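Residue strings, one per chain:
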Amino acid sequence: MNYDEAKKYLYNNDINVKIPEKPLRDLYMAITDDNTIEGLKLIKEITSCDDNTAKLLWVDLKCDFGTKENNAILQAREDYEKEEAVQKYNSTPRCPKCGCTNIQLVNRKWSLLMGFMTNKVDRVCANCKHKF
């Protein structure tokens, strides 16, 4: 294919011809990951074009789908990383008094009725020594 035919084909403007979903998904992943070698290989595989045409198409695809505004995969990845960071922050134990994350666990044995021994774990802030 020449450049114009291949671009029309990749951008799915030719409704009579459909690209199989897997190679197209792999191409979008290559764009998302900025994997030029894999992207060029997939473009040549999908369109049967030469190296120079594949490079031109890669530049066009990167410009059109290489930003988070135009690429749902990039946006989803960024949203996932933000959510993961929030969960990590929220799951880290913090001192209720000073907010420090340097918490020490202290085992303390205490007895219940009838002589049974039970372990209790106290948390102690290494910063302000607050027990909770």
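Treat the numbers as computed from the prediction; the structure is a model and nothing was measured. Each chain has its residues counted from 1, running along the sequence as written. Per-residue local features are limited, in this predicted model, to residues with pLDDT of at least 70; the limit for side-chain atom pairs, both in listing and counting, is 80 or more; totals at the level of whole chains, interfaces and linings are taken over all residues. Only hydrogens and water are set aside when side-chain values are computed; all heavy atoms of the structure are taken into account.

## Overview of the nonpolar core
Working step 1: To form a nonpolar core, buried Ala, Val, Leu, Ile, Met, Phe, Trp, Tyr and Cys residues must be joined to one another through side-chain atoms within 4.5 Å. Exposure is judged per residue with a 1.4 Å probe applied to protein chains only, and the accessible area is read against the type maximum: over 50% gives exposed, under 20% gives buried, and values in between give partly exposed. Leu10, Leu27, Ile31, Ile43, Leu57, Trp58 and Leu61 are the most contacted members of the largest nonpolar core, which totals 16 residues.
Working step 2: The way it works is that DSSP assigns letters per residue, a run of H or I at least four long becomes a helix, a run of E at least two long becomes a strand, and they are numbered from the N terminus. Of all the elements in the fold, those that place two or more residues in this core are α1 (3–10), α2 (21–32), α3 (36–47) and α4 (51–65).
Working step 3: For this core, the element with the most residues is α4, which contributes five residues.
Working step 4: Note on contacts: a residue pair is in contact if any heavy atoms of the two residues lie within 4.5 Å. When near neighbours in sequence (up to four residues on either side) are disregarded, Leu57 contacts Tyr3, Ala6, Lys7, Leu10, Ile43 and Cys49.

## Re the confidence of the model for the chain
Working step 1: A residue's pLDDT is the confidence the predictor assigns to it, expressed on a 0 to 100 scale. Looking at the chain, pLDDT values average 81 and 84% of them are 70 or higher.
Working step 2: No element of the chain has a lower mean pLDDT than strand β1 (residues 103–111), which averages 70, and none a higher one than α3, which averages 92.

## Description of the pattern of salt bridges
Working step 1: Put simply, a salt bridge is a Lys or Arg side-chain nitrogen that is within 4 Å of an Asp or Glu carboxyl oxygen. In total, this model carries seven salt bridges according to the counting rule given.
Working step 2: Where Asp26 meets Lys22, a salt bridge forms, and the shortest distance between an N and an O atom there is 2.9 Å. Of the two residues, Asp26 and Lys22 both sit in helix α2, four residues apart, roughly one turn of that helix.
Working step 3: Here Lys41 and Glu38 are joined by a salt bridge, their closest N and O atoms 3.7 Å apart.

## Some remarks on the packing of α3 against α4
Any two packed helices are characterised by how steeply their axes cross, that is the angle between the axes, and by the distance between the axes.
Working step 1: Two numbers describe how α3 lies on α4: the axes approach to 9 Å, and their chain directions differ by 115 degrees. With respect to the hand of their crossing, α3 and α4 are arranged in right-handed fashion. Between α3, through Thr36, Gly39, Leu40, Ile43 and Lys44, and α4, the contact on the second element is made entirely by Asp51, Ala54, Lys55, Leu57, Trp58 and Leu61.
Working step 2: All residues other than Ala, Val, Leu, Ile, Met, Phe, Trp, Tyr, Cys, Pro, Asp, Glu, Lys and Arg, Gly among them, are scored as polar; the first ten of these are nonpolar and the last four charged. Considered class by class, the residues forming the contact of α3 with α4 number six nonpolar, two polar and three charged. Note on definitions: angles span 0 to 180 degrees between N-to-C directions of axes, and those axes are lines fitted to C-alpha atoms, for helices only across the stretch in contact. A crossing counts as left-handed when the near helix is turned anticlockwise from the far one by less than a right angle, and as right-handed when that turn is clockwise.

## With respect to the packing of aromatic side chains
Working step 1: Centre distance within 6.5 Å is the pairing criterion for rings of Phe, Tyr and Trp, where only the six-membered ring of Trp is used; planes under 30 degrees apart are then read as stacked, over 60 as edge-to-face, and the remainder as tilted. Evaluated as defined, the whole model comprises two aromatic pairs.
Working step 2: An angle of 90 degrees between the planes, with centres 5.3 Å apart, marks the rings of Tyr28 and Phe65 as edge-to-face. With Tyr28 in helix α2 and Phe65 in helix α4, this residue pair connects regions lying 37 residues apart in the sequence.
Working step 3: Of the aromatic side chains, those joined through ring pairs into one cluster are Tyr11, Tyr28 and Phe65.
Working step 4: Lysine NZ or arginine CZ positioned within 6 Å of the ring centre and within 35 degrees of the ring normal marks a charge as sitting over the ring. Over the ring of Tyr11 we find Lys7, and its NZ or CZ is 5.4 Å from the ring centre.

## Things to note about the side chain of Asp60
Working step 1: Mapped onto the secondary structure, Asp60 falls in helix α4.
Working step 2: Once residues within four sequence positions are removed from consideration, Asp60 is found in contact with Tyr3, Lys7 and Tyr11.

## Let's talk about the packing of α2 against helix α5 (residues 72–91)
Working step 1: Taken N-terminus to C-terminus, the directions of α2 and α5 make an angle of 55 degrees; their axes are 9 Å apart at the nearest point. Considering the angle they form, α2 stands oblique to α5. For the pair α2 and α5, the crossing hand works out as right-handed. Contacts between α2 and α5 involve Tyr28, Met29 and Thr32 from the first element and Ile73, Leu74 and Arg77 from the second.
Working step 2: Looking at the contact of α2 with α5 residue by residue, the classes come out as four nonpolar, one polar and one charged. By the definition adopted for this analysis, an angle is roughly parallel if under 35 degrees, roughly antiparallel if over 145, roughly perpendicular if from 65 to 115, and oblique otherwise.

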